[in-house]
Structure formats: C-alpha cells, structure tokens
Amino acid sequence: MLTTTTKPNAYDVALENFDAAANALGLDNDTREMIKYPERILMVSVPVRMDDGHIRRFEGYRVQHSQVRGPAKGGIRYHPQVTLDEVKALATWMTWKCAVVNIPFGGAKGGITCDPKHMSQGELERMTRRYTSAILPLIGPEQDIPAPDVYTNSQTMAWIMDTYSMTKGYPIPGVVTGKPISLGGSLGRNEATGRGVFYTIQSACEHLHMQLKGATVAVQGFGNAGSVAAQLLYEAGAKVIAVSDSTGCVYNKHGLDIHNLMHLKALTGKVEGFPEAENIGPAELLALECDILVPAALENAIRADNADAVRARIIAEAANGPLMPAADRILESKGVFIIPDILCNAGGVTVSYFEWVQDEQHLFWEAQDVYNRLERVMKTAFRDVLKIHEERNVPMRTAANMLGIGRVAEAVQIRGIYP
Ligand code: NAD
C-alpha cells in the first residue's frame, strides 16, 4: 500500500487502484491476467535536427493498454518528466475512463521525454512528424487514435494527421482527435473537459441536496479544464472565491468575476494582478472553507501532508490523479464527497469520441448537439457510479473503477481468448 508523501510511481498507483476494484468485484484471476496489463508497448527513438544544425535524440512511447472494447484511445504528452511507467499508468486509466462513460474505445497513451517550452515550433513539428512516423504501425482510426495531452495541442494533432495521411496517400482525419475545426475537429471539443466537470458537479450537488447557486468554489489551475469549469460554475450562480495558476493565486470571499479573470488571463497569461482580489498562497487555496474544490492542475496536488487541511464538501477531480492514495483515504474518512478523475474529467474523451464519429460519418454536428449528448453521457455515468457507491458501500473512486473494470471484464469474458 502506498502511504508516503513523496511522489509515487504512477503505474504502482494504477495497479493498486485496479486491485482494490477487482477485489471488490470479486474478479477471477484469469480475467485479471487478461485485462490488467498493457497489451502493447512501443518505445521509439526520435532523432530531430535542431535549429542550430545538430541532431538530438528523444525517447518516445506509445502504450496500448486495451483494445477489448474498441480502438485504443489516449493523448500524447510532451514533458521532461515523461517516463514509460507514467505512460503505462495513463494508458491504463484511459481504458477504465472510456468504459465508465461507456464509449466504445480502449485505452492508450503516448509521450515524448522532451522540454517543449525550450523548443521552437520548427523543432516541435519535426519531432512530432518523426514520432508519428515511428508509431505509424500502431495508430489509425480503427486501431489507436491519439489526442492532445499536456503540452500538445490542436496544431500537434494537425501535424500527426498530415504525416499519417501523406504516408497513406489520402486524408484520414479520424486518426487523431482534438484537431482544428478546419481539419475535421468537433465543435465543443476545446471546452469539453471543463463542461463535463461542471455536469458531474451539478449531479453531485443534486445528490447531496446542495444548491449550486451560491455555493462557494475554489479552483486550482486555470487552464483548459479549470477555466471552463470555473466559467460554467460562475454562470450557474456559484461563487468562485479562489483561482490559481502556476504563477499565483487570487481570492475574494465575495466571489471573483470569472469573465473578467479569463480576460486578464488571455491578456497577460496570468491570474495574478486581478484588481478585485487579494493574493493568497497555493496551500491556502486548498485549505479554504468552500463547498467545492476543483483541482485542475497537476497530479499529486493533495497529499498526506495537506489533505487534513482541506475543508471542502466536494472535490471534483478535473486533473488526472490530483489526490495521492494516502490523501484519498484521509479525505474519505472526513466524509468529503470525491468525484474521481476517471469520471469527472471524462468529458474530454467523450467529445473526442464524438469527433471521431463525425469524422467517420463525414457529417458534423451543431455545438448545442454536442453539449446535449455530453450532458447525457456524463450524467448517466455519474448515476451508474453513484449506484455502485451506494449499493456496495465503497468509495466513489473504487465505484468508478469497478464500473470501468467490470465493463472491460465482461467484454473480455464474452470475447474469450485467442487462439
Ligand atoms: P493546461 O495546461 O491548459 O492548464 C493547466 C493549468 O494548471 C495552468 O493554468 C497552469 O498554470 C496551472 N498550474 C500548473 N501548476 C500549478 C500549480 N502548482 N498550482 C496551480 N496551478 C498550476 O492543462 P489542462 O488541459 O487544463 O489539464 C489540467 C489537468 O486536467 C491535467 O491533469 C490533465 O491531465 C487533466 N485533463 C485535461 C483534459 C483536457 O481535455 N484538457 C482532459 C482530461 C484530463
């Protein structure tokens, strides 16, 4: 069991989560052996000619954890701390996440160990194209569909789509999701994760008989996921009292005007300096008395050493893995209602699935159509997880894992083993 406050190996956490849910499901050993581990792992060497003329080699990965319920699906991360174990963990979580929202995908993840903040656009493009070429045998609209993750974006997806299409000889937009709209991207994809977070918070409030209107909210991380969640909560009448990003943290006990804050962030790249607020420290934000805390930055934000200070009623995990396992146990014992990441932030992959469907059909939907379908998917998934949580008396995280793992187990049992 992982109890330390130092950063755990993400893959160990993924395996620990799997075992807890598999035990609760009473899953037999044969099924566990078939679904627990990644199906395919590819490590690639990515030589890139840098702007100064020399060649630098990067290490890249693509892990397909599962294709039991459909093609593998998962983002590509560019970060100095990318390791094979991290990619394996993220691929594993993608499998259960897709199954929780019941979309017909398995899980995958990719990454390159690099520092994109110190690379030019040209270097990033050459690295992306060479990496795409190296993982080309694994990817494809029927096999494995990458998407953006940390420090990759719609431009990265456009380069992957172009490289793949040029190699095959015809345009294949369905090979990636999170593309620009002009290349077959979906309306509503950009805000899908934050919108999904918002829908699950609505469901949680309903379940706890809490009014969202007037509820106090603190949001850690004001990027794609956090800013959209904050905006929708604000527009629904919640009082967003604190928001942070990597440069600082702003607080106003009467509530922040999120539209103005988004404007400032777009102009300056920071939340710091917002005139209608005071600055507080990052630890203070997590310890604020509030109804809803939304960690939307990085993993391991809440650990054994700061979990006890948390005074929120609901934690909505917009980020992947923001609670370390030890913190999870502390918060669970304090009665905090946790909306686990594989449920809470599944809006992104859900609209990725919608994008893939639209690409395959060559028929595109209105934004409102995307939102309505997303709301149905998220609220159904919330109800399904809550039912297991209540009927089996297990934490929401275990319940979500039980739902996802149970669905994959059922599929593998019906498919049987080949040969
Ligand atoms: P992003 O890069 O757009 O935003 C991250 C934000 O977190 C930035 O505002 C950054 O300044 C802030 N941040 C970084 N370190 C911080 C710190 N120590 N304290 C406070 N703020 C900090 O990234 P994103 O796409 O919003 O992703 C955020 C999280 O959500 C990640 O864990 C990601 O895996 C998860 N997620 C994102 C999506 C998606 O579609 N964007 C989908 C599922 C999960």
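In short, a report on the structure. Sequence order as written defines the numbering, with residues in each chain counted from 1. A pLDDT threshold of at least 70 governs which residues receive local features in this predicted model, and a stricter bar of 80 or more applies before side-chain atom pairs are shown or counted, although totals over entire chains, interfaces and linings include all residues. With hydrogens and water set aside, each side-chain value is computed from the structure's full complement of heavy atoms.

A look at the layout of surface pockets
In this model, the second largest pocket occupies a volume close to 210 Å³. Here a cavity denotes a set of grid points, spaced 1 Å apart and computed over the protein atoms alone, in which a 1.4 Å probe fits but from which it cannot get out, and a pocket denotes an open set meeting protein on both sides within 12 Å along at least five of seven lines; residues with an atom within 4 Å of a point are reported as lining. In terms of lining residues, the second largest pocket is bounded by Met34, Glu39, Gln67, Val68, Val412, Arg415, Gly416, Ile417 and Tyr418. Grid points are joined across faces, edges and corners, and a volume is the space filled by probe spheres set on the points.

As for empty space enclosed by the protein
With the rule as written, the count across this model stands at two cavities of 30 Å³ or more. The space that makes up the largest cavity amounts to roughly 40 Å³. Looking at the largest cavity, the residues that line it are Leu90, Trp93, Met94, Lys97, Lys109 and Asn320. Broken down by element, the lining of the largest cavity gets its largest block of residues, four residues, from helix H3 (residues 84–100). Looking at side-chain class alone, the lining of the largest cavity contains three nonpolar, one polar and two charged residues. Labels follow the DSSP assignment, with helices taken as runs of H or I lasting at least four residues and strands as runs of E lasting at least two, numbered in each case from the N terminus. Think of it as three bins: nonpolar holds Ala, Val, Leu, Ile, Met, Phe, Trp, Tyr, Cys and Pro, charged holds Asp, Glu, Lys and Arg, and polar takes everything else, Gly as well.

As for the site of the ligand
What surrounds the ligand is a group of 20 residues, the closest being Thr193, Asn224, Ala225, Ser246 and Asn320. Residue threonine 193 places a side-chain N or O atom 2.6 Å away from an oxygen atom belonging to the ligand. Here a polar contact is taken to be a pair of N or O atoms separated by no more than 3.5 Å, where protein atoms must pair a possible hydrogen donor with a possible acceptor and residues adjacent in sequence count only if both atoms sit in side chains. At a separation of 3.2 Å, an oxygen atom of the ligand approaches a polar backbone atom of alanine 297. Protein contact buries 73% of the 820 Å² of open area that the ligand shows by itself. Residues are counted as near a molecule or strand when any one of their heavy atoms sits within 4 Å of it. Only the protein chains shown count as cover for residues, and the accessible areas themselves come from Shrake-Rupley with a 1.4 Å probe.

Re unusual backbone geometry
Cis geometry marks the peptide bond from tyrosine 418 to proline 419, where omega comes out at 0 degrees. Mapping proline 419 onto the fold places it in the segment after helix H14 (396–415). Phi at histidine 362 takes a positive value of approximately 55 degrees, unusual for a residue other than glycine. Of note, histidine 362 is situated in the loop between helix H12 (347–361) and helix H13 (367–392). A simple rule labels every residue: compare its accessible area, found with a 1.4 Å probe on the protein chains alone, to the largest value its type can have, and call it buried under 20%, exposed over 50%, or partly exposed in between. Look at histidine 362 and you get exposed, because its relative accessible area is 65%. Positive phi outside glycine occurs at asparagine 393, with the angle close to 55 degrees. Here asparagine 393 shows up in the loop between H13 and H14. When its relative accessible area of 70% is taken as the criterion, asparagine 393 is described as exposed.

Observations regarding the nonpolar core
If you look at the biggest cluster of nonpolar residues, it comprises 92 residues, and the most contacted ones within it are Ile201, Val243, Leu261, Ile292 and Val294. Whether two residues are in contact is decided by their heavy atoms, any of which lying within 4.5 Å being enough. Leaving out residues up to four positions away in the same chain, leucine 261 has contacts with Phe222, Val243, Val250, Leu256, Val271 and Phe274. Core analysis: the second largest hydrophobic core is formed by 24 residues, Val44, Met157, Trp159 and Val176 among them. Among buried residues, the Ala, Val, Leu, Ile, Met, Phe, Trp, Tyr and Cys ones that are joined through side-chain atoms within 4.5 Å form a nonpolar core.

As for the sheet that holds strand E1 (residues 40–49)
With respect to topology, five strands assemble into an open sheet ordered E1-E2-E4-E3-E5, the strand pairing being mixed. Each edge of the open sheet carries a strand with a single partner, namely E1 and strand E5 (144–148). Pairwise comparison of adjacent strand axes, ignoring direction, gives a mean angle of 25 degrees for this sheet. A pair of strands is considered paired only if DSSP assigns at least 2 bridges between the two. Pairing between strand E2 (residues 55–64) and strand E4 (residues 106–113): six bridges, direction antiparallel. Bridge pairing links glycine 60 to isoleucine 112 in E4. Only the stretch in contact is used when a helix axis is fitted, and all axes are lines through C-alpha atoms; the angle between N-to-C directions ranges over 0 to 180 degrees.

Some remarks on the pairing of E4
In terms of burial, E4 is a largely internal element, seven of the eight residues being buried. Two elements, strand E3 (residues 72–79) and E4, share six bridges in a ladder whose sense is parallel. Within E4, the residue paired with histidine 79 across the bridge is threonine 113. Handedness of the β-α-β unit built from E3, H3 and E4 comes out right-handed. A clockwise path from the first strand over the helix to the second, with the strands pointing away from the viewer, defines a right-handed crossover.

As for the pattern of salt bridges
Just to be clear on terms, a salt bridge is a Lys or Arg side-chain nitrogen sitting within 4 Å of an Asp or Glu carboxyl oxygen. Tallied over the entire structure, the rule returns 24 salt bridges. Aspartate 85 is paired through a salt bridge with lysine 88; the nearest N and O atoms lie 3.6 Å apart. Within this pair, aspartate 85 and its partner lysine 88 are both found in helix H3, separated by three residues, close to a single helical turn. By relative accessible area, which is 15% here, lysine 88 ends up buried. Its salt-bridge partner being arginine 397, residue aspartate 328 comes within 2.5 Å of it at the nearest N-O pair. On the criterion of sequence distance, the pair formed by aspartate 328 in helix H10 (residues 325–333) and arginine 397 in helix H14 is long-range, its members being 69 residues apart. By relative accessible area, which is 11% here, arginine 397 ends up buried. Taken together, the shared-partner salt bridges connect Arg77, Glu86, Lys109 and Asp149 into one network.

A few points about the packing of helix H6 (residues 192–207) against H13
Remark: H6 packs on H13, axes separated minimally by 9 Å, with the N-to-C direction vectors making an angle of 45 degrees. Taken together, H6 and H13 sit at an angle that is classed as oblique. Regarding H6 and H13, the two cross each other, and that crossing is right-handed. In contact with Ala192, Arg195, Gly196, Tyr199, Thr200, Gln202, Ser203, Ala204 and His207 of H6, H13 contributes Tyr371, Leu374, Glu375, Met378, Lys379, Phe382, Leu386 and Glu390. Across the contact of H6 with H13, the residue classes break down as eight nonpolar, five polar and four charged. By the definition adopted for this analysis, an angle is roughly parallel if under 35 degrees, roughly antiparallel if over 145, roughly perpendicular if from 65 to 115, and oblique otherwise. Each helix crossing is assigned a hand: it is left-handed if the near helix lies turned anticlockwise from the far helix by less than a right angle, otherwise right-handed if that turn is clockwise.

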